[in-house]
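Okay, here's what each chain looks like letter by letter:
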Amino acid sequence: MRWLLAIALLVACGGGSSSPSSSGGSGGGAQGLQVQPTGAAQSLSISAPGGTLQLGAYQRDSDPYGGGMLVQVNAAWSSSTTAVATVDQSGLVTAHAAGSSVITASAGGSSGTATVTVSGM
């Protein structure tokens, strides 16, 4: 009987494993979109043409109890200056020339940006 109660609590509280949600978010509704490097040590600069930087799109997903966390979502990606940097649909930015480019992620009616700077050689 105790294990049944434990399973019921896990299901009711959203416990167990989860995977990144799609562009609409999940649960009680998503708010805003943030674009961030996927690795904590990464900055928003690339040292030379040919270098890459992995970005991710995140939405704050609220739960019915007022909490929430950042959840990575699938997004459509674009670059404002493709001569400087391009971005593929997984968020991988590739540098082409020195300068700056605004990278935009759009998902679920929200968008977020990050400015990526490419240094010269």
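Residues numbered from 1 in each chain as written. Predicted model: local features only at pLDDT ≥ 70, side-chain atom pairs only at ≥ 80, totals over all residues. Heavy atoms only, no water.

On to the overall build of the chain. Looking only at helices and strands, the chain features 1 helix and 9 strands. Ordered by position from the N terminus, the helices and strands of the chain form the series α-β-β-β-β-β-β-β-β-β. For the chain, buried positions account for 26% of its 121 residues. Of the roughly 7000 Å² that the chain leaves accessible, carbon and sulfur atoms contribute 57%. (Helix = DSSP H or I, 4+ residues; strand = E, 2+ residues; numbered from the N terminus. Buried < 20%, exposed > 50% of the residue type's maximum accessible area, 1.4 Å probe, protein only. Areas by Shrake-Rupley, 256 points an atom, 1.4 Å probe, with all protein chains shown as cover.)

Spatial strand order, 2-9-8-5: 4 strands in an open sheet with mixed pairing. Across the chains shown, the open sheet's two edge strands, defined by having one partner strand only, are strand 2 (45-46) and strand 5 (76-79). Across 4 bridges, strand 5 lies against strand 8 (residues 99-107) in antiparallel orientation. Looking at strand 8, one finds that Trp-77 is bridged to Ala-105. (Pairing = 2+ DSSP bridges.)

So, about the pairing of strand 3 (residues 52-62). The element strand 3 is largely enclosed, with a buried count of 8 among its 11 residues. Inspection of the sheet shows strand 3 paired to strand 7 (residues 92-95) by 3 bridges, in the antiparallel sense. Within strand 7, the residue paired with Gln-54 across the bridge is Leu-92. Two elements, strand 3 and strand 4 (residues 68-73), share 6 bridges in a ladder whose sense is antiparallel. By the bridge assignment for strand 4, Ala-57 is matched with Val-73.

Counting residues in each nonpolar core, the largest one holds 20 residues, and the members touching the most others are Leu-55, Trp-77 and Val-93. For this core, the secondary structure elements donating two or more residues are strand 1 (30-37), strand 3, strand 6 (85-87), strand 7, strand 8 and strand 9 (110-118). Residues in contact with Val-93, not counting those within four places in the same chain, are Ile-46, Gly-51, Thr-52, Leu-53, Leu-55, Ala-85, Thr-86, Val-87, Ile-103 and Val-116. (Core = buried A, V, L, I, M, F, W, Y, C linked by side-chain atoms within 4.5 Å. Contact = heavy atoms within 4.5 Å.)

A word on the pairing of strand 7. Across the two faces of strand 7 the burial differs, with Val-93 and Ala-95 buried and Leu-92 and Thr-94 not buried at all. Inspection of the sheet shows strand 6 paired to strand 7 by 3 bridges, in the antiparallel sense. Each residue of the ladder has a partner; that of Val-87, found in strand 7, is Val-93. Between strand 6 and strand 7, which pair antiparallel and follow one another directly, the connecting turn spans 4 residues, one of which, Gly-91, has a positive phi of 90°.

Turning our eyes to something else, we now look at the environment of Gly-112. As for its placement among the helices and strands, Gly-112 is situated in strand 9. Considering only alpha carbons, one finds Gly-112 and Gln-59, 53 residues apart in sequence, at a separation of 9.6 Å. Residue contacts for Gly-112: discarding those within four places in its chain leaves Leu-33, Val-35, Ile-103, Thr-104 and Ala-105.

Turning next to the confidence of the model for the chain. Close inspection of predicted coordinates is inappropriate for parts of the model with low pLDDT. In the predicted model, the chain carries a mean pLDDT of 74, and 69% of its residues have values of at least 70. Least confident of the elements in the chain is helix 1 (residues 2-13), whose mean pLDDT is 30; most confident is strand 6, at 98. Note that residues 1-30 has pLDDT below 50 and, in this model, 31 contacts with residues that lie over four places away or in other chains. (pLDDT = per-residue confidence, 0-100.)

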